[in-house]
Amino acid sequence: MGSTMVTKEEIARLIDELKNNHQFDFSNYAEQSFSRRIDYVLTSYGLDSVDALLDRLRRGRLVPEKLVNDITVNTTELFRDPEVWINLKRNILPILKKKDAIGIWHAGCSSGEEVYSMLILLAEAGMLDKTRMFATDINTEILEKARAARYNYRLHNSYFDNFDKVMKFNPLNELEEIKVDYAKYFDLNSGESYFQVKQFLKNNLILRQHNLLSNNIFYKFDLIFCRNVIIYFNTELQNRVIQSFWDSMFTNGMLLLGSHESLAYLPIASKFENKMMRGCYLRKDG
Ligand SMILES: C[S@@+](CC[C@H](N)C(=O)[O-])C[C@H]1O[C@@H](n2cnc3c(N)ncnc32)[C@H](O)[C@@H]1O
C-alpha cells in the first residue's frame, strides 16, 4: 500500500475524530510523516482505507490509545550519536556538577535508551544521587518498555560499540582512555541476547505518560532533552512546544535537540542562545 492511497481529506477526517472525540491533537503534525504513519498503520491492521479505520474506532473495536501508540515513531538507541554524549561529558556535565541538585527531563523518551545513557554518564561522574530524572512520552506501550529497561543487543549491534566509544572518552585527560565494564550497569543474558539495566540507575527516575501538545509541566529543569521528536511537528507546533520548554527551564537551563534539529527557523529562537555544543540551547531572560 503506497502513501498515495491516503488522501488529504481522509487524513483531515481522522485528525478531527481524534481531536474532537479522544483529545489527541495531531492537527499540527508534519503532514507527510503523519500520512506515512497512517499508511503503515492501515497496512499493519490489514485495512484498506481511513474510513475503515474510523469505523473501527467509532464502534469501539479499536482503542484510541492503541492507535496513537501505533502512529508514533519510536526509533531510539543507547548512546545514539556517540559524539553528542562525548560532548555532554566534555561541556555540559561540568556545568551541572556545580549545582547542589540537578533536574533533567527527557521529553519523548520512547523506550528509554537515552534516559539510561544519561543516567550512566551521571553515575560515572558521581552525580547520580543529586539528580532527579523525569522521562515522558505520549506512547503508553513504549513507556512500559522504558520501565522494563530490558534491551535486545543482537537486534541493535551498535549498542555496545556506542557504549565503548562514549565511555572511553576521558574529559579530564583526553589522551587517556577509560575502560568501563558492561557489568557495572547491565545484567547480561548472553543466551537470550538481552541486557537488563541495573536497578540502582533507576532510583531517581520517574517515567510518565505526557502529551507535549496538551499538558503543561509545572516543574523547572536544568536540562531538557527533546531529541528527534519535534521533526514530526510543523513549525507552528514546534514553536509552541519549545515555548513550553522555555517555561519549564531555569535561567541558563539547557535544551538539547536531535543532531538534525535546530531552532534557527523559529520565532522562539531569540529567547535562546546556541552555545556549548551543537543542538544545545540556553534559556535567555530579558
Ligand atoms: C523518534 S522517537 C525519539 C526518541 C529519543 N528521544 C531519541 O532521540 O532517541 C520520538 C518519540 O516522541 C514521542 N512523541 C511523539 N509525539 C509526542 C507528543 N505529542 N508528546 C510526547 N511524546 C511524543 C513518540 O512516541 C516517540 O517515542
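Residues numbered from 1 in each chain as written. Predicted model: local features only at pLDDT ≥ 70, side-chain atom pairs only at ≥ 80, totals over all residues.

Which residues make up the overall build of the protein, and what are the values?
Counting its secondary structure elements, the protein contains nine helices and 10 strands. The C-alpha atoms of the protein give 20 Å as radius of gyration, which agrees with the globular expectation for 286 residues (19 Å, within 12%). Across the 286 residues that make up the protein, the buried fraction comes to 34%. In the protein, the proportion of contacts linking residues at least 24 apart, taken out of those at least 6 apart, comes to 75%. (Helix = DSSP H or I, 4+ residues; strand = E, 2+ residues; numbered from the N terminus. Rg over C-alpha atoms; globule rule 2.2 N^0.38 Å. Buried ≥ 20, exposed ≤ 12 C-beta atoms within 10 Å, placed from the backbone. Contact = placed C-beta atoms within 7 Å.)

So what's going on with the domain arrangement of the protein? Which residues, and what values?
In terms of domain boundaries, the protein breaks down into domain 1 (3–71) and domain 2 (82–283). Once you take the C-alpha centre of each, domain 1 and domain 2 turn out to be 30 Å apart. The interface of domain 1 with domain 2 comprises nine residues on the first partner and 11 residues on the second. Here the side of domain 1 that touches domain 2 takes three residues from helix 4 (residues 64–71), the largest share from any one element. (Domains from an automatic or database assignment.)

I'd love a proper account of the packing of helix 5 (residues 82–97) against helix 8 (residues 158–168), names of residues and values included.
Running from amino to carboxyl end, helix 5 crosses helix 8 at an angle of 25°, the nearest separation of the two axes being 9 Å. In terms of orientation, helix 5 and helix 8 fall into the roughly parallel class. Crossing hand, helix 5 versus helix 8: right-handed. Only Asn162, Lys165 and Val166 of helix 8 make contact with helix 5, whose side of the interface consists of Pro82, Trp85 and Ile86. In the contact of helix 5 with helix 8, the residues fall into four nonpolar, one polar and one charged. (Axes fitted to C-alpha atoms, helices over the stretch in contact; angles between N-to-C directions. Parallel < 35°, antiparallel > 145°, perpendicular 65-115°, else oblique. Left-handed = near helix turned anticlockwise from the far one by under 90°. Nonpolar A, V, L, I, M, F, W, Y, C, P; charged D, E, K, R; others polar.)

So what's going on with the nonpolar core? Which residues, and what values?
If you look at the biggest cluster of nonpolar residues, it comprises 71 residues, and the most contacted ones within it are Val115, Leu119, Ile224, Cys226 and Leu255. It is helix 6 (residues 113–124) that contributes the most residues to this core, seven residues altogether. When residues are assigned to domains, this core turns out to be shared by domain 1 (3–71) and domain 2 (82–283), each giving three or more. Apart from the residues within four sequence positions on either side, valine 115 is in contact with His106, Cys109, Met133, Ala135, Ala146 and Leu205. (Core = buried A, V, L, I, M, F, W, Y, C linked by C-beta atoms within 7 Å.)

Run through the environment of tryptophan 105, naming residues and quoting values.
With respect to the helices and strands, the residue tryptophan 105 is situated in strand 1 (residues 102–107). For the pair tryptophan 105 and alanine 135, spaced 30 residues apart in sequence, the C-alpha to C-alpha distance is 5.6 Å. Excluding residues that lie within four positions of it along the chain, tryptophan 105 makes contacts with Phe134, Phe221, Ile224 and Ser248.

Which residues make up the sheet that holds strand 8 (residues 249–257), and what values do they have?
Note on sheets: strands pair through backbone hydrogen bonds, and any given pair is parallel or antiparallel. Here we have seven strands laid out as an open sheet, ordered 6-2-1-7-8-10-9, and mixed in their pairing. At either end of the open sheet lies a strand with only one pairing partner, and these are strand 6 (205–209) and strand 9 (272–274). Here the strands of the sheet are splayed against their neighbours by 20° on average, with no regard to which way each runs. Its contacts with the sheet put helix 9 (residues 235–247) on strand 7 (221–226), strand 8 and strand 10 (280–283), and the angle it makes with strand 8 is roughly 140°. (Pairing = 2+ DSSP bridges.)

Tell me about the pairing of strand 7, residues and numbers included.
Counting buried positions over the six residues of strand 7 gives six, a clear majority of the element. Where strand 1 meets strand 7, three bridges bridge the pair, whose relative direction is parallel. Bridge pairing links isoleucine 104 to leucine 223 in strand 7. The sheet contact formed by strand 7 and strand 8 spans five bridges and is parallel. By the bridge assignment for strand 8, phenylalanine 225 is matched with leucine 256. Traced from strand 7 through helix 9 to strand 8, the parallel crossover comes out right-handed. (Right-handed = clockwise from strand over helix to strand, strands pointing away.)

Lay out the site of the ligand in plain terms, naming residues and giving numbers.
Near the ligand lie 23 residues; those nearest to it are Thr72, Thr76, Gly108, Ser110 and Arg227. A breakdown of the residues in the shell around the ligand according to their chemical character gives eight nonpolar, 11 polar and four charged. (Near = placed C-beta within 6 Å.)

Summarise unusual backbone geometry; cite the residues concerned and give the values.
Positive phi values are uncommon outside glycine, yet glutamine 23 reaches one of about 55°. Mapped onto the secondary structure, glutamine 23 falls in the loop between helix 1 (8–22) and helix 2 (31–45). Notably, asparagine 252 is not glycine yet its phi reads approximately 65°, a positive angle. With respect to the secondary-structure elements, asparagine 252 resides in strand 8. A tally of 13 C-beta atoms within 10 Å means that asparagine 252 is categorised as partly exposed.

Give a description of the environment of serine 214 that names residues and reports values.
Here serine 214 is to be found in the loop between strand 6 and strand 7. Considered as a pair, serine 214 and alanine 125 are 89 residues apart in the sequence and their alpha carbons are 35 Å apart. Once you skip the residues sitting within four places of it in the chain, serine 214 turns out to touch Gln23 and Asp25.

Talk me through the pairing of strand 1; I want residue IDs and the actual numbers.
For strand 1, the tally of buried residues reaches six of six residues, placing the bulk of the element in the interior. Here strand 1 shows two buried faces, one formed by Ile102, Ile104 and His106 and the other by Gly103, Trp105 and Ala107. Taken together, the six bridges between strand 1 and strand 2 (residues 131–137) define a ladder with parallel strand orientation. Bridge pairing in strand 2 places glycine 103 opposite arginine 132. As for the winding sense of the linkage, the β-α-β connection from strand 1 through helix 6 to strand 2 is right-handed.

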